[in-house]
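Each chain, letter by letter, is given below.
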Amino acid sequence: QKEVEQNSGPLSVPEGAIASLNCTYSDRGSQSFFWYRQYSGKSPELIMFIYSNGDKEDGRFTAQLNKASQYVSLLIRDSQPSDSATYLCAVKETGGSYIPTFGRGTSLIVHP
Amino acid sequence: DGGITQSPKYLFRKEGQNVTLSCEQNLNHDAMYWYRQDPGQGLRLIYYSQIVNDFQKGDIAEGYSVSREKKESFPLTVTSAQKNPTAFYLCASSTAGSGANVLTFGAGSRLTVL
C-alpha cells in the first residue's frame, strides 16, 4: 500500500513569514510529485510539480525534493492571508498505474 | 474555455435512492477520475478510466458505479448500497500514461443524505 504522509496541522504562521509544508512517501518508485492547494469548500488546484531532486521555484513557491530521504516539501515565502488553505501532496510512480496517491493535506493559516 | 463541469453542485438524497453525478470535460483528456472527500480528509479514489468503455475500481468502489461511453463524460452513480454517501465528490481528468499527468478538477458535487 503506497502511503503519503502529511501533518494535518493546522500550521499557523504570521503574514510575511515563510511557511514550510512537508510530505513523506513510502514508494521508492515514485517519480512525480505534486502540490495542490484547496480552499475550504472548493476543489484542489495545482500549485506546482517536481520530478528531479533539488529545488524548483515558481514565484513565492519553492518545491524541494529529496528522493533518498523520500521527502518533498513546499515553501511559501512572504506568506499572505490569501494563502490560508489546505495543501495536498500527491505522488505518482513511473510507469504502471499513473494514478497519483494523495496525502490527507496540511491546513495552513496565515494570520495578519 | 477548457475545463471540467460537474453537476449538480448540491444534491440531497433520501435513504434507498440512487443518484447520478455528472462530469463532463472538454480538455481532450483520456483519463478521468472520481474522488470522495470527507471533512478533514484527503482524497480517496472511487473509480478511474483510461479510455472509453474501460474503467477500474479505486480504493473505495463499493456502492458506486460508473460508465465511460464517451471520452468527454464519466458519470458516477451513488447506489443505495453505499451506506454512508454524504461527502464531497470530485471529478478530475488528466492525460494518460507516463509523465506528470497533472489532474484538473471540477468544482465538485456535495451530496447529503437526508
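Relevant structure appears above.
If you're wondering where the values come from, they're calculated on a predicted model, not measured in any experiment.

Draft legend 1. Here's a closer look at the sheet that holds strand β1 (residues 4–5) of chain A. All names here are of chain A. Strand order across the open sheet formed by five strands is β1-β3-β8-β7-β6, with antiparallel pairing between neighbours. On the outer flanks of this sheet lie β1 and β6 (54–58), each paired with one strand and no other. Inspection of the sheet shows β1 paired to strand β3 (residues 19–25) by two bridges, in the antiparallel sense. Bridging from a neighbouring strand, Glu-5 pairs with Thr-24 of β3.

Draft legend 2. Here's a closer look at the interface of chain B and chain A. Taken residue by residue, the interface counts 25 residues in chain B and 18 residues in chain A. Both sides of the chain B and chain A interface together cover about 1,700 Å² of buried area, and 61% of this is carbon and sulfur. Run the count over chain B and chain A and you get zero salt bridges. Where chain B packs against chain A, one counts five residue pairs in polar contact (both at pLDDT 80 or more).

Cut-offs used in this document
Residues numbered from 1 in each chain as written. Chains lettered and ligands numbered in written order. Predicted model: local features only at pLDDT ≥ 70, side-chain atom pairs only at ≥ 80, totals over all residues. Heavy atoms only, no water. Pairing = 2+ DSSP bridges. Helix = DSSP H or I, 4+ residues; strand = E, 2+ residues; numbered from the N terminus. Contact = heavy atoms within 4.5 Å. Buried area = accessible area lost by both parts, 1.4 Å probe. Salt bridge = Lys/Arg side-chain N within 4 Å of Asp/Glu carboxyl O. Polar contact = N/O pair within 3.5 Å; in protein donor to acceptor, adjacent residues only side chain to side chain.

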